[in-house]
Amino acid sequence: MKNRIVNMNLRKKLYTLICLLILIPVILAGVVTDAVFISRFQTQERDVALNVLLQARNNIRYVLGEVENISLMLLYDDSIQSLYRALIMQKGKVNVAVLRRNVLKSLSSLVFNRPYVNAVLVTSGSEKLFEFGEAVTSEDDALYQAAVEAMGRPVWTEARQLRNTVRVNPQHYVSMLRAISDLNEYGQVIGVCRISFVESVLSNTLSELNAYGDSDATIFDMSGNVVSSTDKALLGQNQARTEALALALQDGRTSGYVQTVENGRSLTHLFFRMNDPNWIVVQTVDDSHFHAQFTALIVLMAGALLFCLIFTAVYSVVIGNTVLKPIKRMYREMDRVRKGDLEIRIPYESEDEIGQLSRQFVRMAHELKALIETKYKQQILLKEAELQNLESQINPHFLYNTLDTIRWIAVKNKDTVVCEQIEALSDLFRHVLNKGEEMTTLGEELLHLENYLLLQKARYGDKISVEMQIDETLLGMPMPKLLIQPLVENAIYHGIEHKVGAGTIRLNVGREDNNLLVTVEDDGVGTQGEEISRKIYDKQDSSLFALHNIHERIQLRYGEAYGERFYSQPGRGTRVELRIPLEQDAAR
């Protein structure tokens, strides 16, 4: 035996020695880990599972919020109020069918993208004012009275099977009831709206976050009624007396878990509470899942540890000199590439794989630089081509001749207002086309804005006033066309138009360091500044496409340091800042 060991080559001796040195510590580490860390690991596993379940809270709130939005539309719909006065109070001579079509038109736009909404019913006592979707009977009197007493707050039901005069719908639905008050008489309830949606919308949300195939998740109300469940056998039942739900309800925490033993199985019940509605979500998981994952992790950790130690002991010196040093050098060059510096240089000291990789990396960086430059130019050309293609679809001579004919007709009829409007519209189109040129001057851009405001003044009258403060030394500055007018248009349509009473728009144009700074500020209804910025940059709202187009054109031409910034608060108005660099021939 001794001679066999002595006669082994150095590689086998090294492997044998490392195996003997590593095997005993690994076994000891496994025993200690199993004894000391198993309880802590299982606690962490339950916490992870609870965090996964908690992700369902926002998804559930989203569905409930969508349903509440529909109910809010019904609460403030004038046609519902008129239906009540016509059918119940018998006041006024109105066409009931027309009123119901008006409600249906408003409701259809909200329900169109929410196919899970099954039925909408508005009742006043035993009288149906409006019905949408499947024709079903109203909820029982107790729920109707509960909605009336809630005075506009939503009242939610457990999962139920909706009934009509012919059959019982085999699907289960969750309903929300809400009292509708008379808009002309404070505190007077005129009816109740009920919106029903498919229960599976909630259970699918729970199923998507279920990492354990044999576990079930259920939503209960505070009375133990099942609102929704991945186990459909529980729908329509009351589980208030079950041990798991009783323990969860008694627990004072907003989220956590309780443990029970049922039929010899150790179970963990993860839960979290919701406010408005007062629901509790419970997921039941067999503890064997936590044990299985712990065992698998121990095996994986032992194997990885053994491999890493052997690999490190045998090849640490060799790898340190032949691999790690070149790799660290390449990492530094990669960090330069990450920061935007594509001019890298790596000496090729060897012809092995590391040397070949270094050469390929340098070649890739140079090709990436060329590709970025080409792509950047292509994007600019594409945007210009798209704009020119749009402009080419308009026949400017026909347009100008037609407008001129209309203007002379107005002059002949001595209609000076129409004449001024036609002249402004003609100048407006002339600036948009701009003979196919992308660039204009600040002065021309402001003249275009004045023509636009003249047209809007005819529509809004004294509702809109505009104050301008312009640095006239910048009027000759070249700039891309159609940057300022869309900002003012946004202030009108999204700010002043929805405001009660008159509003003011303030336009400031001046210098800031070496930049042109354009500020458009309104005292309109305002919104969340972060929300409108996200919608513009992510193209989430087609009504804000012009603002996204401005931001993208500026960044394509001048770089990411320039563009638009939005500052807004609900009820306090909006301020938009547009910043582009001053070009050399701007100052006069």
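Counting restarts for each chain, with residues numbered from 1 along the sequence as it is written. Only residues with pLDDT of at least 70 are given local features in this predicted model, and only at 80 or more are side-chain atom pairs given and counted; all residues enter the totals for whole chains, interfaces and linings. Working from all heavy atoms in the structure, the side-chain values ignore hydrogens and water.

(A) Summary view of the overall build of the chain. Put simply, DSSP marks the helices as runs of H or I at least four residues long and the strands as runs of E at least two long, and each gets a number from the N terminus on. Scanning the chain for helices and strands turns up 16 helices and 17 strands. A simple rule labels every residue: compare its accessible area, found with a 1.4 Å probe on the protein chains alone, to the largest value its type can have, and call it buried under 20%, exposed over 50%, or partly exposed in between. Of all 588 residues assigned to the chain, the portion counted as buried reaches 41%. Whether two residues are in contact is decided by their heavy atoms: any pair within 4.5 Å suffices. The long-range fraction of contacts in the chain, counting pairs at least 24 apart against all pairs at least 6 apart in sequence, stands at 63%. Surface accessibility of the chain: about 33900 Å² in total, with carbon and sulfur atoms responsible for 55%. For the area figures, the Shrake-Rupley method with a 1.4 Å probe applies, and any residue is considered shielded solely by the protein chains shown.

(B) Layout of the sheet that holds strand E3 (residues 155-156). Spatially, the five strands line up as an open sheet ordered E2-E1-E5-E4-E3, and their pairing is antiparallel. The open sheet has two edge strands, strand E2 (127-133) and E3, and neither has a second partner. Strand pairing follows a simple DSSP-based rule, namely that at least 2 bridges must link the two strands. Here strand E4 (residues 173-181) runs beside strand E5 (residues 189-198); their pairing, made up of nine bridges, is antiparallel. When the sheet's bridge partners are listed, Ser 181 is paired in E5 with Val 189. Sitting on the sheet, helix H6 (residues 141-150) touches strand E1 (117-124), E3, E4 and E5, and the angle it makes with E4 is about 50°. Throughout, an axis means a line fitted to C-alpha atoms (over the contacting stretch in the case of helices), and angles, computed between N-to-C directions, take values from 0 to 180 degrees.

(C) View of the pattern of salt bridges. Any Lys or Arg side-chain nitrogen located within 4 Å of an Asp or Glu carboxyl oxygen qualifies as a salt bridge. Taken as a whole and judged by the stated rule, the model has ten salt bridges. Linking Asp 251 and Arg 253 is a salt bridge whose minimum nitrogen-to-oxygen distance equals 2.9 Å. Residue class for Asp 251 comes out buried when judged on its relative accessible area of 17%. We classify Arg 253 as partly exposed; its relative accessible area is 41%. Across the pair Arg 575 and Glu 577 runs a salt bridge, and its minimum N-O distance is 3.4 Å. With a relative accessible area of 27%, Arg 575 lands in the partly exposed category.

(D) Representation of the layout of surface pockets in the model. If you add up the space inside the second largest pocket, you get close to 420 Å³. Forming the boundary of the second largest pocket are 20 residues, of which Asp 216, Leu 234, Glu 262, His 269 and Thr 284 lie nearest the centre. Secondary structure elements with two or more residues in the lining of the second largest pocket: strand E6 (216-221), helix H8 (243-250), strand E9 (265-274) and strand E10 (279-286). Of the residues forming the lining of the second largest pocket, the biggest block, four residues, is contributed by E10. Of the residues that constitute the lining of the second largest pocket, the class distribution is seven nonpolar, six polar and seven charged. Grid points spaced at 1 Å and placed over the protein atoms alone form the basis of the search, with a cavity being a set where a 1.4 Å probe fits but cannot get out and a pocket an open set showing protein on both sides within 12 Å along at least five of seven lines. Lining residues have an atom within 4 Å of a point. Grid points are joined across faces, edges and corners, and a volume is the space filled by probe spheres set on the points. Residues are grouped as follows: Ala, Val, Leu, Ile, Met, Phe, Trp, Tyr, Cys and Pro are nonpolar; Asp, Glu, Lys and Arg are charged; every other residue, Gly included, is polar.

(E) Expanded view of the sheet that holds strand E8 (residues 255-262). As summarised here, the arrangement of the five strands in space is E7-E6-E10-E9-E8, forming an open sheet in which the pairing is antiparallel. Strands at the two margins of the open sheet, each flanked by one partner only, are strand E7 (226-229) and E8. For this sheet the average axis-to-axis angle between neighbouring strands, irrespective of direction, equals 25°. Its contacts with the sheet put H8 on E6, E8, E9 and E10, and the angle it makes with E8 is roughly 150°.

(F) The nonpolar core, seen in detail. Joining through side-chain atoms within 4.5 Å is the link that ties buried Ala, Val, Leu, Ile, Met, Phe, Trp, Tyr and Cys residues into a set, and such a set is a nonpolar core. Core analysis: the largest hydrophobic core is formed by 54 residues, its most contacted members being Ile 60, Phe 197, Leu 202 and Trp 279. When residues in this core are grouped by element, the largest group, 13 residues, is from helix H3 (residues 38-75). If we skip the residues at most four places from it in the chain, Ile 60 touches Leu 202, Thr 205, Leu 206, Ile 219, Met 274 and Val 281. Leu 453, Leu 487, Leu 516 and Val 576 belong to the second largest nonpolar core, which has 32 residues in total.

(G) A look at the packing of helix H13 (residues 442-460) against helix H14 (residues 485-496). Packing of H13 against H14 brings their axes to within 9 Å, and their N-to-C directions diverge by 25°. Judged on the interaxial angle alone, H14 and H13 are roughly parallel. Viewed along their axes, H13 and H14 form a crossing whose handedness is right-handed. On H14, the residues that touch Glu 445, His 448, Leu 449, Tyr 452, Leu 453, Gln 456, Arg 459 and Tyr 460 of H13 are Gln 485, Val 488, Glu 489, Ile 492 and Tyr 493. By residue class, the composition of the contact of H13 with H14 is seven nonpolar, three polar and three charged. Comment on the angle field: the value is read as roughly parallel under 35 degrees, roughly antiparallel over 145, roughly perpendicular from 65 to 115, and oblique elsewhere. Crossing handedness: left-handed means the near helix sits turned counterclockwise from the far one by under a right angle, and right-handed means the same turn made clockwise.

(H) Seen up close, H13. By this rule, a helix spans an expected 1.5 Å times one less than how many residues it contains. Taking 1.5 Å as the rise per residue, H13 with 19 residues should run 27 Å; its terminal C-alpha atoms sit 26 Å apart, in good agreement. Gly 461 sits one or two residues past H13 and shows a positive phi near 60°.

(I) Spatial organisation of the pairing of E6. Summarising burial for E6: five of the six residues are buried, a large majority. Pairing of E6 with E10 involves six bridges; the strand directions are antiparallel. Across the sheet, the residue bridging to Phe 220 is Ile 280, located in E10. Direction of pairing for E6 relative to E7: antiparallel, over a ladder of three bridges. Residue Ile 219 lies in a different strand from E7, and its bridge partner there is Ser 228.

(J) Examining unusual backbone geometry more closely. The omega torsion across Asp 276 and Pro 277 is 10°, close enough to zero to call that bond cis. Residue position: Pro 277 is located in the loop between E9 and E10. Of note in the backbone geometry, Met 151 takes a positive phi value of approximately 55° without being a glycine. Tracing the sequence through the fold places Met 151 in the loop between H6 and E3. On the basis of relative accessibility, which here comes to 45%, the residue Met 151 falls in the partly exposed class. The phi angle at Asp 513 is positive, at roughly 60°, despite the residue not being glycine. Relative to the assigned elements, Asp 513 resides in the loop between strand E14 (503-512) and strand E15 (515-522).

(K) Expanded view of the pairing of E10. Burial analysis of E10 places seven of its eight residues in the buried class, the great majority of the element. Here E9 runs beside E10; their pairing, made up of eight bridges, is antiparallel. Note that in E10 the partner of Thr 268 across the bridge is Val 285. Taking the residues that link successive antiparallel strands as the turn, the E9-E10 hairpin has four residues, and the phi of Asp 276 there is positive, at about 55°.

It is worth stressing that arrangement in space is one thing and function is another; only the former is reported here.
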